[in-house]
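Summary of the model geometry
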Amino acid sequence: MLEAVSVDQLRTFIAAAEEGSFSAAGRRLRRTQSVVSQTLANLEAQIEVQLFDRSGRYPRLTESGRVLLAEARIVAGSMDSFKTKARTIAEGLEPELSVVVDVMYPMASLTVGVGLFRAAFPHTPLRLYVEALGAVVQLVQNDSCRIGIIGTLPLVPEGFAAEKLLDVPMVTVAAPIHQLAAGRRVIPQRELEQHVQLVLADRSSLSEGRNFGVLSPLTWRLADLGAKHAFLRAGFGWGHMPLAMVRDDLASGQLVQLEIEAFRPQMQPLAMFAVYRREAPPGPAGRWFLDQLKGE
């Protein structure tokens, strides 16, 4: 009977173990609780091993179930990899490449990557969007883009694969006329909270209720990084920026780097990841493009 064990049964087993109940597993798999229960009962009968202890209010993995869960994940993961590679081979070269890039990604590196792509794939159109926070992920979720490059939203949704690309150095800055720029000193958070912080706004609802790098209750939210840059130079507030974008301003004195207590000894760089839906991975052109960005 072991030969009759299916990947679907293993996925049901994994979902039930991870969700903690058959009803929650059913919602995840879009099946009724009775179908989940019957699928697991059939699996247990086929392998002649009890996977769940059903004596309590919620099913609990038996010791045997815990051991076999790890094996089930390996088998299911291998099948996902097999299907992914098969789909990539069947699809061939993409008719076009659609990519959405986090606004914080260094444009110099992106420009180099795009130039190399243009030379390598002259007949593959490139459709490029620039967004921030959850709006990057949203365009991948709704199939508008095949690949997303995230950074300002450090959350990878379920069902997505992620690949590290690079780290973007960040600095906290203000105009020299701003009160926080007076004197070279470490600025405590209680002082930051008295001044307007300029932050990026999310065009999507994916980061609703979450703040990333926000240290002041006084905020102006801007959907455009260029506007934030201009407002910083005008002295309207303080904020975090990619070092590459403000390096010339720091050199000319139009902006001043702030040393703040919350980020001592230094502000952590912003990690950039390429993300895509597991069931729709990059094709040959997309994979080549990501490899170039990693090189950059």
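A few points on the structure. Remember, it's a predicted structure, so these values are computed and weren't measured experimentally. (Residues numbered from 1 in each chain as written. Predicted model: local features only at pLDDT ≥ 70, side-chain atom pairs only at ≥ 80, totals over all residues. Heavy atoms only, no water.)

1. Focus on the packing of helix α1 (residues 7–19) against helix α3 (residues 33–47)
In plain terms, the rule: Here, axes are lines fitted to C-alpha atoms. For helices the fit covers the stretch in contact, and angles between N-to-C directions go from 0 to 180 degrees. Here a strand is any run of E in DSSP of at least two residues, a helix any run of H or I of at least four, and the numbering for each starts at the N terminus. For classification purposes, an angle smaller than 35 degrees is called roughly parallel, one larger than 145 roughly antiparallel, one from 65 to 115 roughly perpendicular, and anything else oblique. The sense of a crossing depends on the near helix, which, turned anticlockwise from the far helix by less than a right angle, makes the crossing left-handed and, turned clockwise, makes it right-handed. Residue contacts are defined here by distance: any two heavy atoms, one from each residue, within 4.5 Å place the two residues in contact. The residue classification treats Ala, Val, Leu, Ile, Met, Phe, Trp, Tyr, Cys and Pro as nonpolar and Asp, Glu, Lys and Arg as charged. All others, Gly included, are polar.
Packing of α1 against α3 brings their axes to within 9 Å, and their N-to-C directions diverge by 115°. Compared by their axis directions, α1 and α3 come out roughly perpendicular. The two elements α1 and α3 meet at a crossing, and its hand is left-handed. Across the interface between the two elements, Gln 9, Thr 12, Phe 13 and Ala 16 of α1 pack against Val 36, Thr 39, Leu 40, Asn 42, Leu 43 and Gln 46 of α3. Here the contact of α1 with α3 is composed, by residue class, of five nonpolar, five polar and no charged.

2. A word on the pairing of strand β14 (residues 270–277)
Applied cut-off: Exposure categories follow from relative accessible area, calculated using a 1.4 Å probe and restricted to protein chains: below 20% of the type maximum is buried, above 50% is exposed, and the middle band is partly exposed. Strand pairing follows a simple DSSP-based rule, namely that at least 2 bridges must link the two strands.
Along β14, six of the eight residues are buried, which leaves the element largely enclosed by surrounding structure. Inspection of the sheet shows strand β5 (residues 147–150) paired to β14 by three bridges, in the antiparallel sense. When the bridges of β14 are listed, Gly 148 appears paired with Val 275. Pairing of strand β6 (residues 160–168) with β14, which is carried by eight bridges, proceeds in the antiparallel orientation. Directly across from Glu 163, in β14, lies its bridge partner Ala 274.

3. Quick word on unusual backbone geometry
Notably, Glu 48 is not glycine yet its phi reads approximately 60°, a positive angle. Tracing the sequence through the fold places Glu 48 in the loop between α3 and β1 (52–53). For Glu 48, a relative accessible area of 73% translates into the label exposed.

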